[in-house]
Amino acid sequence: MVLTQTILKRTPLPIAILDNNLKFLATSDKWLEQFQGQKDLLGKSFPECFHDLPEEIFIDIQYCLEGVEQRSDATRYINKNGDALWYEWDVNSWLNEDDSVEGIIVILKDRTLSQRNRLLLEKSQQVARIGHWEVNLLEGTLYWSKITREIHEVPEDFQPNLETGINFYKEGHSRDTISELVNNAIATGSSWDTELQIVTKNGREVWVRAIGEAEMVDGQCVRLIGTFQDIDKRKKAEINSKIASERLAQATNSAEIGIWEYDLVQNDLVWDDNMYKIYGVSESDFNGVYEAWESTVHAEDKARSAEEVQQAISGEKEFNTHFRVVWPDGQIRWIRGMATILRDEEGIPLKMIGANWDFTELRNAQMKLAQSEESLQGAFENSRVGMALVSKEGVFMQVNESLCTSLGYTQEELLQLTFQEITHPDDLETDLKLLNEVIDGKRNTYQIEKRYLRKDGQIAYIYLTVTGVKDIDGNLSHFISQIIDISSRIAAEQKLKNLFDLTSKQNESLLNFAHIVSHNLRSHAANLTMITEFLVSDKITEDERDNAKEMLQTATSGLNETIQHLNEVVQVQVVSEEDLKTLELEVILKKVLNDIDALIPHEDSSMSIDLDTQLEVKGVNAYVESVLLNLITNAIKYRHPDRPLKLSIKGSANNGKVMLSFTDNGLGIDLNKYGNKIFGMYKTFHRNKDAKGIGLFITKNQMEAMGGSIRVNSSVEKGSEFILEFKAA
Amino acid sequence: MAVFQTACIIDDDQIYQFGMKILLREVDFSEEILIYQDGQEAIDALQERLSSGDTLPPVIFLDLNMPIKDGWEFLDDFVQIPQRDREQVNIYVISSSINPSDEDRARKYEVVSNYIVKPITSEKLLEIIAQHQ
């Protein structure tokens, strides 16, 4: 009895033995452990001590008291405190010799805790979409749990077998893999844990995690059990993230951006492949600490970049900088670096993650650009062509020295002006018209010859090229003007034109002269021919013969005179500057007056002379003498018959010239009629026998030969005024 | 009997006038010879003839280079005379000038019959007579 009592006491089951009055005869320790607080149960009534139990237990006990051998069940029970409890029981009747019920053995397990765990597991399996399955190889059956069926999207009454199960896996890699794993497990007892794709009954492709284990009995596989989890969301996210990170890797790779991560706590610096390329080192030569990086930085940049790292870590300043690194082969490369700091909740820096890239080529290109801009600026400033940047409104924004020189303004003055203000008014319209065509996009550039007004009021002739400059958006921002000063060219052209005009005029007068000479020579020759013929013929009377002889004399002397004039004219040639002498007018005038004193009708004339003192001219003595002689004798010859001659001679120096005028009160010449002929050869205007029409022609030529000129004012019956203009000495 | 009633010489050259008179007489050119020293004198005299009811001379020998009013100016004045008073007039320009521009210019005047380069000869006068017979 002691033994049985000991066995009962130690049994790991909660057992209570009751007599047929349901009073406790004995309990196991496990019972006492399970129902703590119930002590000294022996002799006490079970229903009284354990009234808060599911009713079913008492019903089963009652059955057993009435002779039923065994009752067992399990149930969920809400006790009086409202707690949900699970009980599982097994009630047996205990019979004596006469088969009457002696007592009851009750095994009552409080399964609440394990049941709760089971429920939690199920719940969690549901949430985690984990189903389970079991293959009984002996019976050839396959069991799928509810979730497994749900994952396969099959109805609850679906009966799978091993083959249909495997066929749910996607054809190809997934199905091949699971077939092999299952076969291996059956053959060798191996287990598996893999992620594959199935195609559900509805045709959806779903990623699952399949875990399986084989159960071996005597080296033979009898069962396969496992779980089946829907990991589609995670897997797809994972795949997407993999694609994304691959893409990033590709991007950083092709952009040659190096990514690094520096663990501040561990002093562990991790570089990606690009970093090694950027720093020109191999992975094996880099020991992955901060100092390894620092040692690659150019000596001149080391202190600054180290400080910038510290500033980034302290949060003072973002890490966004550049520095030079020295490659093992000595090459110097320019690196751009950016980084962010990862911190914990308390703001303690944990990691620094950043990117580096090599911008050496970019920098070189920028340097070159800067240099070319600089040289362009140099070209602008030093160009001998005038250059200006001009705003759309015409304001000079920038001008070079050359333009300032051409226009006679200082830079400061020009920058206050618009081109409109300094453009010759007659040229403004043309310029603005073309400029507006550039503004309207009809043309990009134009060239014109135009005139600017210099600061001193003189005209600057320029050749202008205007080009529109567009901003990044393609809108016109300003103009570049190139201004070539062609004033000197224009002046040279003008000089050439003048020279040409002079030559043409001289040519013309030379031809004219040739015809006049020819005319006069021929007229004398014709007369001589005619008279000679008369003299040798008998056409004429004796009286006429005498007359003819006289005329022969006249014609001959006429011919002589003409030849003499011709000589005089031919002798008047343009005199070069160095042949011009300084002559005192008064001296020459006095000599001339002295020479012709006999011709002057003193009793019938008055003459006044008023010369500035020391009036000196540039000239040829003989010419000046001849000119003065001619003008004075003309005044005498063509004096008015009705009144005494009054001749006034005045001389003055003025602005590099010497003016000498001869004013008389003689016959005068009708200038409206003869104006352009008065200085012509053999032009006479009075019926005066002495008029030869050669004097003024020669006078004019002599004056022009000395670089001077002659002009006349006159009115009929009143008198004439000849004005000589000499170069002053 | 002379070919023309009147011939007119307009020239300032005395020798020419003298020679011309002899030649005109030689070929019996005209009954009467009018001589003017320059264009002004000539145009004044011709106007005078018209206003006194006389006709204009049918032949005028005109020099170009003269003082006061030269041959061109005379021509310009002459063409101002009404057409009916001058339609019988033939003007011969007699000049020493061999300048082609002078000849061209002279021929532009409708009233100018010919341009004759000095010296004038009796043969040239006979040609003029022939043209009018």
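Residues numbered from 1 in each chain as written. Chains lettered and ligands numbered in written order. Predicted model: local features only at pLDDT ≥ 70, side-chain atom pairs only at ≥ 80, totals over all residues. Heavy atoms only, no water.

In the nomenclature of an unreviewed UniProt entry, chain B corresponds to Response regulator receiver domain-containing protein from the organism Robiginitalea myxolifaciens.

Chain A is annotated in an unreviewed UniProt entry as histidine kinase of Robiginitalea myxolifaciens. Chain A has a UniProt comment under Catalytic activity (unreviewed entry) that states "ATP + protein L-histidine = ADP + protein N-phospho-L-histidine." The UniProt entry for chain A carries the following comment under Subcellular location (unreviewed entry): "Cell inner membrane". (UniProt positions renumbered as here; feature names shortened; annotations may be inferred.)

Within chain B, the regular secondary structure consists of six helices and five strands. For a compact globule of 133 residues, the expected C-alpha radius of gyration is about 14 Å, and chain B comes in at 14 Å, within 12% of that figure. Dimensions of chain B along its principal axes, counting C-alpha atoms only, are 35 × 30 × 25 Å. Across the 133 residues of chain B, 57% fall into the buried class. (Helix = DSSP H or I, 4+ residues; strand = E, 2+ residues; numbered from the N terminus. Rg over C-alpha atoms; globule rule 2.2 N^0.38 Å. Buried < 20%, exposed > 50% of the residue type's maximum accessible area, 1.4 Å probe, protein only.)

Turning to the UniProt feature "domain: PAS" (unreviewed entry) in chain A, a few remarks are in order. All names here are of chain A. UniProt's entry tags residues 244–316 and 372–442 with the feature "domain: PAS" (unreviewed entry), counted in the numbering of this structure. Secondary structure within residues 244–316 divides into 56% helix and 15% strand; the distance between the first and last C-alpha atoms comes to 33 Å. Helix makes up 58% of residues 372–442 and strand 14%, and the two end C-alpha atoms of the span are 30 Å apart.

So, on to the packing of aromatic side chains. Residues and elements named next belong to chain A. For the structure on display, the rule yields 29 aromatic pairs over all chains. Judged by centre distance (6.3 Å) and plane angle (85 degrees), the ring pair of Tyr 169 and Phe 228 falls under edge-to-face. Of this pair, Tyr 169 sits in the loop between α7 (162–167) and α8 (173–188) while Phe 228 is found in strand β10 (residues 220–230), placing the two residues 59 residues apart along the sequence. Summarising the burial analysis for this pair, Tyr 169 and Phe 228 share the class buried. Relative to Phe 286, the ring of Trp 271 has its centre 3.8 Å away and its plane inclined at 20 degrees; by these criteria the two rings are stacked. Here Trp 271 is found in strand β12 (residues 268–271), whereas its partner Phe 286 is found in the loop between α10 (273–279) and α11 (290–296), with 15 residues between them in sequence. Across this residue pair, the class does not change: Trp 271 and Phe 286 are buried. (Phe/Tyr/Trp six-rings, centres within 6.5 Å; stacked < 30°, edge-to-face > 60°.)

Another aspect to go through is the interface of chain B and chain A. Interface size, as often reported, equals the accessible area lost upon joining of the parts. Listed per partner, the contact involves 30 residues of chain B and 28 residues of chain A. Together, the buried faces of chain B and chain A total about 2,400 Å²; carbon and sulfur atoms form 58% of this surface. Among the residues chain B hides against chain A, the three largest losses belong to B:Ile15, B:Phe18 and B:Ile68. Together they make up 28% of the total. Inspection of the chain B/chain A interface yields one salt bridge. Across the salt bridge formed by B:Arg25 and A:Glu544, the nearest N and O atoms sit 2.8 Å from each other. Along the contact surface separating chain B from chain A lie five residue pairs in polar contact (both at pLDDT 80 or more). Elements with a minimum of two residues in the side of chain B that touches chain A: α1 (14–26) and α2 (39–51) of chain B. Per-element accounting of the side of chain B that touches chain A gives the leading share, 10 residues, to α1(B). When its residues are assigned to classes, the side of chain B that touches chain A shows 13 nonpolar, nine polar and eight charged. (Contact = heavy atoms within 4.5 Å. Buried area = accessible area lost by both parts, 1.4 Å probe. Salt bridge = Lys/Arg side-chain N within 4 Å of Asp/Glu carboxyl O. Polar contact = N/O pair within 3.5 Å; in protein donor to acceptor, adjacent residues only side chain to side chain. Nonpolar A, V, L, I, M, F, W, Y, C, P; charged D, E, K, R; others polar.)

Turning our attention to the nonpolar core. Ranked by internal contacts, the top residues of the largest apolar core, which has 47 residues, are A:Leu628, A:Ile632, A:Leu660, A:Phe662, A:Leu724 and A:Phe726. Counting only elements with at least two residues in this core, the list comes to α18 (487–536), α20 (585–595), α21 (621–637), β24 (645–654), β25 (657–664), α23 (695–705), β26 (709–715) and β27 (719–728) of chain A. With eight residues, α21(A) is the single largest residue contributor to this core. Summarising the domain contributions, this core has at least three residues from each of domain 5 (492–570) and domain 6 (574–728) of chain A. Apart from residues lying up to four places away in sequence, A:Phe726 is in contact with A:Leu585, A:Val617, A:Val624, A:Gly656, A:Lys657, A:Val658, A:Leu660, A:Met703 and A:Met706. Of all hydrophobic cores here, the second largest spans 30 residues; its members include A:Ile531, B:Leu23, B:Ile116 and B:Leu125. (Core = buried A, V, L, I, M, F, W, Y, C linked by side-chain atoms within 4.5 Å. Domains from an automatic or database assignment.)

What follows concerns the UniProt feature "domain: Response regulatory" (unreviewed entry) in chain B. UniProt records the feature "domain: Response regulatory" (unreviewed entry) at residues 6–133 of chain B, using the numbering of this structure. Segment residues 6–133 of chain B splits into 44% helix and 22% strand. End C-alpha atoms: 16 Å apart.

Turning to the UniProt feature "modified residue: 4-aspartylphosphate" (unreviewed entry) in chain B, a few remarks are in order. Residues and elements named next belong to chain B. With numbering matched to this structure, UniProt assigns "modified residue: 4-aspartylphosphate" (unreviewed entry) to Asp 63. You can see Asp 63 is positioned in the loop between β3 (59–62) and α3 (71–78). Judged by relative accessible area, which is 3%, Asp 63 ranks as buried. Setting aside anything within four residues of it in sequence, one finds Asp 63 in contact with Ile 10, Asp 11, Asp 12, Gly 71, Ile 94, Ser 95 and Lys 118.

With that settled, consider the packing of α18(A) against helix α19 (residues 542–571) of chain A. Residue and element names in this part refer to chain A. Direction vectors running N to C along α18 and α19 enclose 160 degrees, while the axes themselves pass 9 Å from each other. Classed by the angle they form, the pair α18 and α19 counts as roughly antiparallel. For α18 against α19, the interelement crossing comes out left-handed. The residue makeup of the contact of α18 with α19, split by class, is 16 nonpolar, seven polar and two charged. (Axes fitted to C-alpha atoms, helices over the stretch in contact; angles between N-to-C directions. Parallel < 35°, antiparallel > 145°, perpendicular 65-115°, else oblique. Left-handed = near helix turned anticlockwise from the far one by under 90°.)

Residue and element names in this part refer to chain A. Within the structure shown, the criterion is met by 47 salt bridges over all chains. The shortest N-O distance in the salt bridge between Glu 725 and Lys 657 comes to 3.7 Å. Of this pair, Glu 725 sits in strand β27 while Lys 657 is found in strand β25, placing the two residues 68 residues apart along the sequence. Classification of Lys 657 by relative accessible area gives partly exposed; the value is 37%.

What follows is about the sheet that holds strand β6 (residues 130–136) of chain A. Residue and element names in this part refer to chain A. The strand order β7-β6-β10-β9-β8 describes an open sheet built from five strands, whose pairing is antiparallel. The open sheet has two free edges, formed respectively by β7 (141–144) and β8 (192–199), since each of these has just one partner strand. The mean inter-strand angle of the sheet, taken between neighbouring strand axes irrespective of direction, is 25 degrees. Relative to strand β9 (residues 205–217), β8 runs antiparallel, the two being bridged by eight bridges. When the sheet's bridge partners are listed, Thr 194 is paired in β9 with Ala 210. Sheet strands touched by helix α9 (residues 232–254): β8, β9 and β10. Its angle to β9, the strand with the most contacts, is close to 120 degrees. (Pairing = 2+ DSSP bridges.)

Residue and element names in this part refer to chain B. Taking strand neighbours across the sheet as the criterion, the five strands line up as β2-β1-β3-β4-β5 in an open arrangement whose pairing is parallel. At either margin of the open sheet sits one strand with a lone partner, and together these are β2 (30–36) and β5 (112–117). Neighbour-to-neighbour, the strand axes of this sheet turn through a mean angle of 20 degrees, independent of strand direction. Pairing between strand β1 (residues 4–10) and β3: four bridges, direction parallel. Counterpart to Cys 8 in the pairing with β3 is Ile 60. Seen against the sheet, α2 touches β1, β2 and β3 and runs at an angle of roughly 130 degrees to β2. On the sheet, α3 packs against β1, β3, β4 (90–95) and β5 and is oriented at approximately 150 degrees with respect to β3.

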